[in-house]
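Chain and residue survey
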Amino acid sequence: MASFDLTAPEVQEQVISLGTLIVDLVGVFAGAVLGALEAERRKMDLMGFLVLGLVSGVGGGIIRDTLLQAGPPLALVRPSYLVAALVGAFVAFLLDLRKGPGVRVLATLDALTLGSFAVAGTQRTLEVGLHPGTALLMGVITAAGGGVVRDVLSRQTPALMRAVPGYYATAALAASAVCLALSQAGHPRMALVVGMLVATTLRLVSLRFGWRLPVKRTRGDGPREPAHHGHKTE
């Protein structure tokens with residue numbers, strides 16, 4: 001006769017330092033706020049806020065951890081991840097962040113999310129013992145993954161692939177490179193802080209001045225429209 005085992009399952013211990021965990025959770029919270037605001041733009045109900053907030057907050061980390069194969073994704077075994085994402089979604093639902101001072105807050109959150117996820121992805125990859133080149137790739141994947149899933153669910157071209165002002169993956173790559181260099185030099189905590197500052201600064205400055213990567217032009221293309229200097233949350 002079959003019996004049910006109600007004992008707690010054994011889960012492989014996760015490899016992550018305290019500093020990386022804190023930075024990762026900062027990115028989860030900020031990313032969830034930004035993801036939930038996409039639900040506001042599309043006039044969704046509370047469930048829409050929660051769904052887009054969750055996927056935006058933890059999506060990139062789940063993709064990263066699945067690829068690393070260092071145990072179950074952190075968001076599935078550490079309750080703090082889901083709590084941070086849900087709190088971020090509720091904050092977006094309760095507060096009006098798209099007007100007045102909230103616009104600057106959103107710009108800062110956007111840049112902070114990018115930087116937090118980029119350095120957390122890079123550092124976690126190094127902590128599980130993979131190659132530095134892989135760490136660079138994982139930094140960008142972590143930074144962009146949640147936003148890509150969010151945009152697919154909301155039926156729009158992912159921000160990563162839009163030719164709009166503001167460095168996105170480029171800023172994440174720069175943060176990952178700085179984080180990698182400092183970590184390899186024996187300064188892992190400094191790597192997290194400096195990497196976040198690099199991504200945040202590059203993202204905000206590129207938005208302010210309308211910088212973007214080159215776009216291929218072919219014969220017959222009309223003159224390119226001037227870049228708008230206003231902030232566009234991605």
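How each quantity is defined
Residues numbered from 1 in each chain as written. Predicted model: local features only at pLDDT ≥ 70, side-chain atom pairs only at ≥ 80, totals over all residues. Heavy atoms only, no water. Axes fitted to C-alpha atoms, helices over the stretch in contact; angles between N-to-C directions. Helix = DSSP H or I, 4+ residues; strand = E, 2+ residues; numbered from the N terminus. Left-handed = near helix turned anticlockwise from the far one by under 90°. Contact = heavy atoms within 4.5 Å. Nonpolar A, V, L, I, M, F, W, Y, C, P; charged D, E, K, R; others polar. Patch = residues over 30% accessible without salt bridge, like charges linked within 9 Å, V, L, I, M, F, W, Y side chains within 5 Å. Areas by Shrake-Rupley, 256 points an atom, 1.4 Å probe, with all protein chains shown as cover. Salt bridge = Lys/Arg side-chain N within 4 Å of Asp/Glu carboxyl O. Buried < 20%, exposed > 50% of the residue type's maximum accessible area, 1.4 Å probe, protein only. Polar contact = N/O pair within 3.5 Å; in protein donor to acceptor, adjacent residues only side chain to side chain. pLDDT = per-residue confidence, 0-100. Expected span 1.5 Å × (residues − 1). Phe/Tyr/Trp six-rings, centres within 6.5 Å; stacked < 30°, edge-to-face > 60°.

**Some words on the packing of helix 5 (residues 102-127) against helix 6 (residues 132-153)**
- Running from N to C, helix 5 and helix 6 cross one another at 145°; their axes reach a closest spacing of 7 Å. Here helix 5 runs over helix 6; the crossing is right-handed. Taking contact as the criterion, the partners of Leu114, Phe117, Ala118, Gly121, Thr122, Thr125 and Leu126 in helix 5 are, on helix 6, Pro132, Thr134, Ala135, Met138, Gly139, Thr142 and Ala143.
- In terms of residue class, the contact of helix 5 with helix 6 is built from eight nonpolar, six polar and no charged.

**Remarks on a nonpolar patch on the surface**
- On the surface, Leu46, Leu82, Leu86, Phe90, Phe93, Leu94 and Leu95 cluster together into a nonpolar patch covering about 610 Å² of accessible area.
- Considering every element that reaches the nonpolar patch, the biggest residue donor is helix 4 (residues 79-94), with five residues.
- Here Phe90 lies in helix 4.

**Focus: the side chain of Ser116**
- Mapped onto the elements, Ser116 comes out in helix 5.
- Exposure remark for Ser116: the relative accessible area of 0% places this residue in the buried category.
- Separated by 2.8 Å, the side chain of Ser116 and the backbone oxygen of Leu112 make a polar contact.
- Contacts of Ser116, omitting those with residues within four sequence positions, involve Val23, Val26, Gly27 and Met196.

**What about the pattern of salt bridges?**
- Taken as a whole, this structure holds eight salt bridges when the rule is applied.
- For Arg41, the salt bridge is made with Glu38, and the minimal N-O distance between the two is 2.8 Å. Of this pair, Arg41 and Glu38 are both found in helix 1 (residues 18-41), three residues apart, which corresponds to roughly one turn of the helix.
- With relative accessibility at 8%, the residue Glu38 sits in the buried group.

**Here we look at the confidence of the model for the protein**
- On average, residues of the protein score 87 in pLDDT, and 87% of them reach the 70 mark or higher.
- Here residues 229-234 scores under 50 on pLDDT; set against residues more than four positions off or in separate chains, the count is 22 contacts.

**Overview of the environment of Ala107**
- Locating Ala107 in the fold gives a position in helix 5.
- With a relative accessible area of 12%, Ala107 lands in the buried category.
- Separated by 97 residues in the primary sequence, Ala107 and Leu204 place their C-alpha atoms 7.2 Å from one another.

**Observations concerning helix 5**
- With 26 residues, helix 5 should reach 38 Å at 1.5 Å per residue; the first-to-last C-alpha distance of 36 Å fits that figure.
- Of all the 26 residues making up helix 5, 20 are buried; the element is thus mostly covered by neighbouring parts of the structure.
- Immediately downstream of helix 5, the backbone of Gly129 shows phi near 95°, a positive value.

**Notes on the packing of aromatic side chains**
- Following the criterion strictly, the structure yields three aromatic pairs and no others.
- Aromatic pair Tyr167 and Trp211: ring centres 6.3 Å apart, planes at 40°, arrangement tilted. Residue Tyr167 is located in the loop between helix 6 and helix 7 (169-184), and its partner Trp211 is located in the segment after helix 8 (188-209); the two are separated by 44 residues in the primary sequence.
- A relative accessible area of 19% means that Tyr167 is categorised as buried.
- The partly exposed category is assigned to Trp211, whose relative accessible area is 38%.
- Measuring from centroid to centroid gives 5.7 Å for Phe209 and Trp211, while their planes differ by 20°, and the two rings are stacked.

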